[in-house]
Amino acid sequence: MAEITASMVKELREKTDAPMMECKKALTEAGGDMVKAEEILRVKLGNKATKAAARVAAEGIVAIYVSGDGKLGSIFEINSETDFVAKNDEFIKLAADCARLAAEKAPADVAALSALPLGDGTVESTRTALVGKIGENMSARRFVRVAAQGKLASYIHGGSKIGVLVDVVGGDDQLAKDIAMHIAASKPKALDSSGVPAELLDTERRIAIEKAREAGKPDAMLEKIAEGTVQKYLKDVTLLGQVFVKAEDGKQTIEQLLKARGASVAGFTLYMVGEGIEKKVNDFAAEVAAQAAAAAGNK
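Reading guide: rules and limits
Starting from 1, residues in each chain are numbered consecutively following that chain's sequence as written. For this predicted model, a pLDDT threshold of at least 70 governs which residues receive local features, and a threshold of 80 or more governs which side-chain atom pairs are given and counted, while totals over whole chains, interfaces and linings are taken from all residues. Hydrogens and water are ignored here; the side-chain numbers use all heavy atoms of the structure. Helix and strand assignments come from DSSP, with helices taken as H or I runs of at least 4 residues and strands as E runs of at least 2, each series counted from the N terminus. Burial status follows relative accessibility: with a 1.4 Å probe on protein chains alone, a residue under 20% of its type maximum counts as buried, one over 50% as exposed, and anything between as partly exposed. We call two residues contacting when some pair of their heavy atoms lies within 4.5 Å. Throughout, nonpolar core names a set of buried Ala, Val, Leu, Ile, Met, Phe, Trp, Tyr and Cys residues whose side chains join them through atoms within 4.5 Å. Strand pairing is assigned whenever DSSP identifies at least 2 bridges connecting the two strands. Working convention: axes come from line fits to C-alpha atoms, limited for helices to the stretch in contact. Angles between N-to-C directions cover 0 to 180 degrees. Multiplying one less than the number of residues by 1.5 Å gives the expected span of a helix. Two N or O atoms count as a polar contact when they lie within 3.5 Å, although within protein this holds only if one can serve as hydrogen donor and the other as acceptor, and sequence-adjacent residues are included solely when both atoms are side-chain atoms. To pair, rings of Phe, Tyr and Trp, with the six-membered ring standing in for Trp, must have centres within 6.5 Å; the planes then decide the type, stacked if under 30 degrees apart, edge-to-face if over 60, and tilted in the middle. Any Lys NZ or Arg CZ that is within 6 Å of a ring centre and within 35 degrees of that ring's normal is treated as a charge sitting over the ring.

Structurally, H182 can be placed in helix α9 (residues 173-186). With a relative accessible area of 0%, H182 lands in the buried category. Other than its neighbours up to four places away in sequence, H182 contacts K187, L239, Q242, V243, F244, V245 and I254.

Here it is, written out as structure tokens:
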């Protein structure tokens, strides 16, 4: 009997997007023949799962789970190729199940989450079966599990395209909900200045100096101008520095709001579906024109 190596299993998985164990079984059944093993998997999972893994999944949804007492929760992103699939009931249920498992089982990473039991199999086998059924690639991308210092509040916006999980200490449920909605609307990068990456501040500082130079400002003023720009930037991108979206005077910051209500924010997570994923943009008109030109050239 041919030896089934880990590299063979990996290669078959990359070709078919089937679970590791299914790949190993298929290779064993096929005596190590990669082509035959792929055919075996196609019979089991359908043709649709074979090439789906190679396609970009940049749509999807965010799912959030919060325990009844608000002390434990998670936020989870799962991606699909099209927004149509993101509205599929089975896809939505898988996302909800993953968010719950992430909170309850505390997996170390997405790989560990994918290996957790779900239904008659695992999260991974459930996902793969759904890929085969629907015919689109879909992937569990990321999650954050939170054990709250205070109480968790959540907010989902835009057809589950934006999700917020925030840990609010003190205050009341309405305040926590308002903070979550504010985060979804204003999209802060960090809670306060300590959470903003130094490279972002350096970039803002360099841009400010160059703009000031182009405007003819004296060299002696450049650093002061740059520092003022950085401070303005920090107010714009930090939750505590931002003006509360529902502020009646248009001036009250989140920090001021929390102080007035005897509350604080221990932390938050903001997920926007597909953030950072390079999406392929198809120009249908250009594609048709190219095909027509190629056909004309062959005459």
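Its location among the elements puts A95 in helix α6 (residues 89-105). Since its relative accessible area comes to 0%, A95 is described here as buried. Excluding residues that lie within four positions of it along the chain, A95 makes contacts with I61, A63, F76 and I78.

The next subject is the nonpolar core. Core analysis: the largest hydrophobic core is formed by 23 residues, its most contacted members being V166, I179, I183, L239, I254, L258 and V265. Contributions of two or more residues to this core are made by β7 (162-169), α9, α12 (254-260) and β8 (264-272). The element contributing the most residues to this core is α9, with 6 residues. Counting 22 residues, the second largest nonpolar core, distinct from the first, contains I61, A63, F91 and A102.

A few words now on the sheet that holds β8. Read across the sheet, 3 strands follow the order β6-β7-β8 without closing on themselves; strand pairing throughout is antiparallel. Two strands bound the open sheet, and with one partner strand each, they are β6 (151-157) and β8. Taken pair by pair, the neighbouring strands of this sheet meet at an average axis angle of 15 degrees, ignoring direction. As judged from the 7 bridges shared by β6 and β7, these two strands associate in the antiparallel manner. Its bridge partner lying in β7, K151 is registered against V168.

Let us look at unusual backbone geometry. Positive phi is not limited to glycine here, since A106 has a value of about 50 degrees. Of note, A106 is situated in the loop between α6 and α7 (110-114). The residue S160 is not glycine, and still its phi comes out positive at about 70 degrees. With respect to the helices, strands and loops of the structure, S160 is situated in the loop between β6 and β7. Owing to a relative accessible area of 21%, S160 belongs among the partly exposed residues under this scheme.

For an α-helix, 3.6 residues make a turn, and residues three or four places apart therefore share a direction. Over its 12 residues, helix α8 (residues 123-134) extends 16 Å from the first C-alpha to the last, a length consistent with the 16 Å expected when each residue adds 1.5 Å. Among all positions of α8, only V123, E124, R127, T128, L130, V131 and G132 are buried. For α8, the N-terminal cap is T122; the gap from its side-chain oxygen to the backbone nitrogen of E124 is 3.3 Å. Just beyond α8, the residue with positive phi is G135, at close to 90 degrees.

Let us look at the packing of aromatic side chains. On inspection of all chains with the given rule, the structure shows 0 aromatic pairs. One Lys or Arg, R142, reaches over the ring of Y271 and ends 3.9 Å from the middle of that ring.

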